[in-house]
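# Results of the structural survey
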Amino acid sequence: MASAADDAASATDGAGAEKPLYGRLMRAIHTRHSIANAIRFFKLPLIFTDVRLWAGAIAQFWWLTRTLEERLRALSDDPLVAHVAAAGRKDLARGYEADLAQILGPDWREEAEAALTAATRRYAAELEAADARRAVAAAFILYGALVVGGGRATQQKAKRVFPSCDHELFDVADDMRLARRRFKNCFTAIGKDHAGAKAVAPEAADDVVAAAAHFMGRNNEVVLSVRVVPYWWWKAAIVAAV
């Protein structure tokens, strides 16, 4: 079985460099993305037992997305960052914020920050210090999860589990097919001429691929760190003891 390091190496070798960057990025995160799916398979059913566990889980990615968006704004003069920023929405953290406020109430920010895990804080510290290439790689991971896996169909599925929440975090575009095409074209155009336009930063491609594999690993660490013990467990324990 190929390791995550093997994925990143094969996606940055001489032969791989000729392939479109979007495909190289997907190849680089393949192993770690498969691990992430396995983790979610076991943890999501537990998280779905308590809406506050869901709030704790999305709080991690609210903080990471918020941190990334602040870093992208700070690097907005960089042509590579400007290219990625122009390809889609720049305020995806707001969807998380709306959901957290709905679930946790007026003190949502304090509760969300209190729920942040050590893994999330380590990841956020890397985002705060990221250069343009690493920030763009992180955008591929954090935005890609919503653009590729989000949309109103996902939003409706989430509402069936927690109907008291609007799940705005998944409502990232009116036309998800177009949003996904733009996202793919955006990253493809970094590494090579595309759709009649010159490549944006082909010299950055290998660094972006390697950083994407790294940040996919950070994502997995965050998911592993999320609480899955229901907040009501102690009440059940008391009843059982009585």
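Residues numbered from 1 in each chain as written. Predicted model: local features only at pLDDT ≥ 70, side-chain atom pairs only at ≥ 80, totals over all residues. Heavy atoms only, no water.

### Let's talk about the layout of surface pockets
Taking a probe equal in size to a water molecule and rolling it over the atoms shows the remaining empty space. Note the threshold: Lining residues are those with an atom within 4 Å of a point, where the points come from a 1 Å grid over the protein atoms alone and group into cavities, where a 1.4 Å probe fits but cannot get out, or pockets, open sets with protein on both sides within 12 Å along at least five of seven lines. Grid points are joined across faces, edges and corners, and a volume is the space filled by probe spheres set on the points. Runs of H or I in DSSP of at least four residues are treated as helices and runs of E of at least two as strands, each being numbered from the N terminus. Throughout this entry, Asp, Glu, Lys and Arg are counted as charged residues, while Ala, Val, Leu, Ile, Met, Phe, Trp, Tyr, Cys and Pro are counted as nonpolar. The remaining residues, Gly among them, count as polar.
Considered as a void within the structure, the second largest pocket measures approximately 530 Å³ in volume. Taken together, 28 residues line the second largest pocket, and the ones lying closest to its centre are Ala 85, Ala 87, Gly 88, Arg 89 and Lys 90. Among the secondary structure elements, those contributing two or more residues to the lining of the second largest pocket are helix H4 (51-74), helix H5 (79-85), helix H9 (132-149) and helix H11 (176-191). For the lining of the second largest pocket, the element with the most residues is H11, which contributes six residues. When the residues that make up the lining of the second largest pocket are grouped by side-chain class, the tally is 19 nonpolar, two polar and seven charged.

### So, the pattern of salt bridges
The cut-off we apply is this: Salt bridges are defined as contacts in which a side-chain nitrogen from Lys or Arg sits within 4 Å of a carboxyl oxygen from Asp or Glu. Buried, partly exposed and exposed residues are distinguished by accessible area as a fraction of the type maximum, computed with a 1.4 Å probe on protein chains only: under 20%, between the cut-offs, and over 50%, respectively.
The final tally for this structure, using the stated rule, is 10 salt bridges. Here Arg 66 ties to Glu 70 by a salt bridge, and the two come within 3.7 Å at their closest N and O atoms. Of this pair, Arg 66 and Glu 70 both sit in helix H4, four residues apart, which is roughly one turn of that helix. On the basis of relative accessible area, Arg 66 is assigned to the partly exposed category, the value being 23%. Taking relative accessible area as the criterion, Glu 70 reaches 37% and is therefore assigned partly exposed. For Asp 193, the salt bridge is made with Lys 198, and the minimal N-O distance between the two is 3.8 Å.

### Description of unusual backbone geometry
Positive phi, normally seen in glycine, also occurs at His 167, with a value near 55°. Structurally, His 167 is set in the loop between helix H10 (152-161) and H11.

### What to know about the nonpolar core
To keep things clear, this is the line we draw: We define the nonpolar core as a collection of buried residues of types Ala, Val, Leu, Ile, Met, Phe, Trp, Tyr and Cys that are connected through side-chain atoms lying within 4.5 Å of one another. Two residues form a contact once any of their heavy atoms are found within 4.5 Å.
With 73 residues, the main nonpolar core has Leu 68, Leu 100, Phe 140 and Phe 187 as its most contacted residues. Apart from residues lying up to four places away in sequence, Phe 187 is in contact with Leu 21, Tyr 22, Leu 25, Val 84, Val 136 and Phe 140.

### What to know about the confidence of the model for the chain
Our working definition: What pLDDT conveys is the predictor's confidence in a given residue, as a value from 0 to 100.
Residue-level pLDDT values for the chain average 85, and 82% of them are 70 or greater. For the chain, helix H13 (residues 233-241) is the element with the lowest average pLDDT, namely 38, and helix H8 (residues 118-128) is the one with the highest, namely 98. Predicted confidence is poor over residues 1-15, with pLDDT under 50, and the contacts of this stretch with residues over four places away or in other chains come to 23 contacts. Scored below 50 in pLDDT, residues 232-242 makes three contacts in the model with residues more than four places away or belonging to other chains.

### Re the packing of H8 against helix H12 (residues 205-225)
So the rule is basically this: Axis geometry follows a simple rule: fit a line to the C-alpha atoms, using only the stretch in contact for helices, then measure angles between N-to-C directions, giving values from 0 to 180 degrees. Convention used here: angles under 35 degrees read as roughly parallel, angles over 145 as roughly antiparallel, angles from 65 to 115 as roughly perpendicular, and any remaining angle as oblique. By convention, the crossing between two helices is left-handed when the near helix turns anticlockwise from the far helix through less than a right angle, and right-handed when the turn is clockwise.
For the pair H8 and H12, the least separation of the axes is 8 Å and the interaxial angle reads 155°. The angle between H8 and H12 falls in the class roughly antiparallel. Where H8 crosses over H12, the handedness of that crossing is left-handed. For the pair formed by H8 and H12, the contact residues are Ala 119, Thr 120, Arg 122, Tyr 123, Glu 126 and Leu 127 on the first element and His 214, Phe 215, Arg 218, Asn 219, Glu 221, Val 222 and Ser 225 on the second. Partitioned by chemical class, the residues of the contact of H8 with H12 number five nonpolar, four polar and four charged.

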